[in-house]
Amino acid sequence: MKLELRSEDRRYSLSADFLGEGRMELTAIVCTLDGIVQGELTGELDACDLGEIGRLIASVPATAPGRSAAPDVPASTVKATRHGEAWTAEAVDYLKHHYQAGKTPLELAQDLGRSEKSIRWKLYSFNLAPYPADLVPEQRTSPQPKPPKAYTVEEKRQAHPNAYKPWTPDDEQHLSERCAQGTSLEDLAQEFGRDLGAIASRLLKINAEGPAADEAGGSGV
């Protein structure tokens with residue numbers, strides 16, 4: 001299902017793909033009238049929650065309120081991790097509450113024994129921080145002329161055929177398996193027809209394990 005609205009200078013499209021068992025994936029894209037992408041948002045949820053989510057979005061103020069105070073949990077009670085170690089529920093809880101209380105990614109990295117890069121990716125995976133575009137690895141190929149910053153969905157799909165297409169459970173399972181087999185981030189991008197940022201983001205979202213996931217998130221570096 002796809003819906004579209006237009007304003008004087010913007011075009012808004014919303015695609016909904018039903019995944020089974022009452023779940024759906026939504027993709028919202030904002031473009032100028034001539035098709036230049038201005039922003040995008042993708043997420044998965046239960047269809048029965050769509051109405052409430054819509055009401056929440058409509059009630060968001062123009063400026064975000066101040067962050068709420070977090071429980072007083074000493075950093076010393078959270079066990080520091082080593083390179084490649086999985087996140088514990090305790091560490092995740094500490095990360096969420098203390099970031100919302102005002103701690104910076106650098107401070108959280110010091111508390112949790114991880115890199116600032118890893119903290120920023122984890123915060124993004126919980127929708128608590130913006131997408132860390134500056135951390136996405138550059139392609140290790142021969143220099144190519146930089147494309148213009150403005151692009152359309154159709155233009156992006158010329159290079160990445162599956163750009164903006166919803167991920168299916170089978171896609172995610174296959175991606176996790178290929179990552180565990182040691183496939184590089186660049187090879188995964190080529191194999192799945194998506195750009196490096198999309199692959200890196202999805203690897204973190206599904207908690208994949210392997211060299212490509214480490215490169216995407218900088219876990220423990």
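Scroll up a little and you will see the structure.
Because the structure is a prediction, the values reported are computed rather than measured. Per chain, the residues get numbers from 1 upward, laid out in the order the sequence is written. The model is predicted, so local features are restricted to residues of pLDDT at least 70 and side-chain atom pairs to those at 80 or more, both for listing and for counting; the totals for chains, interfaces and linings are taken over all residues. Working from all heavy atoms in the structure, the side-chain values ignore hydrogens and water.

(A) Broad picture of the sheet that holds strand 1 (residues 2–6). Strand order in the open sheet formed by 4 strands is 1-2-3-4, and the pairing between neighbours is antiparallel. Unpaired on one side and paired on the other, strand 1 and strand 4 (37–46) mark the two borders of the sheet. For this sheet, the mean inter-axis angle between neighbouring strands, taken without regard to orientation, is 15 degrees. For two strands to count as paired, DSSP must find a minimum of two bridges between them. Numbered from the N terminus, helices here are DSSP runs of H or I no shorter than four residues, and strands are runs of E no shorter than two. Summarising the sheet, strand 2 (residues 10–20) and strand 3 (residues 23–32) pair through 10 bridges and their orientation is antiparallel. Within the sheet, the bridge partner assigned to Ser-13 lies in strand 3 and is Ile-29. In this description, a line fitted to the C-alpha atoms serves as the axis of each element, helices being fitted only across the stretch in contact, and the angle between N-to-C directions of two axes falls anywhere from 0 to 180 degrees.

(B) Just the packing of helix 7 (residues 185–192) against helix 8 (residues 196–205), in detail. Orientation of helix 7 relative to helix 8, taken along the N-to-C sense of each, is 105 degrees, at an axis distance of 9 Å. Classified by the angle their axes make, helix 7 and helix 8 are roughly perpendicular. Contact residues: helix 7 offers Leu-185, Glu-186, Leu-188, Ala-189 and Phe-192, while helix 8 offers Leu-196, Ile-199, Ala-200 and Leu-203. Residue polarity follows a fixed list, in which Ala, Val, Leu, Ile, Met, Phe, Trp, Tyr, Cys and Pro are nonpolar, Asp, Glu, Lys and Arg are charged, and the others, Gly among them, are polar. By residue class, the composition of the contact of helix 7 with helix 8 is 8 nonpolar, no polar and 1 charged. Should an angle lie under 35 degrees it is considered roughly parallel, over 145 roughly antiparallel, and from 65 to 115 roughly perpendicular; all remaining angles are considered oblique. By definition, residues are in contact when any of their heavy atoms lie within 4.5 Å.

(C) Seen up close, a nonpolar patch on the surface. Here the term patch refers to residues with relative accessible area over 30% and no salt bridge, with like charges joined within 9 Å and nonpolar side chains (Val, Leu, Ile, Met, Phe, Trp, Tyr) within 5 Å. A 1.4 Å probe and the Shrake-Rupley method give the accessible areas. Residues count as covered only by the protein chains that appear here. The term salt bridge refers to a side-chain nitrogen of Lys or Arg lying within 4 Å of a carboxyl oxygen of Asp or Glu. Taken together, the side chains of Met-1, Leu-3 and Leu-14 make up a nonpolar region of the molecular surface, amounting to roughly 300 Å² of accessible area. Within the secondary structure, Met-1 sits in the segment before strand 1. Exposure remark for Met-1: the relative accessible area of 60% places this residue in the exposed category. Accessibility here uses a 1.4 Å probe with only protein chains present; expressed as a share of the type maximum, an area under 20% marks a residue as buried, one over 50% as exposed, and anything in between as partly exposed.

(D) View of the packing of helix 6 (residues 169–180) against helix 8. Their axes nearest at 10 Å, the elements helix 6 and helix 8 cross at an angle of 90 degrees. It follows that helix 6 is roughly perpendicular to helix 8 by the angle criterion. Across from Glu-172, Leu-175 and Cys-179 in helix 6, the residues of helix 8 making contact are Ile-199, Arg-202 and Leu-203. Taken together, the residues of the contact of helix 6 with helix 8 sort by class into 4 nonpolar, no polar and 2 charged.

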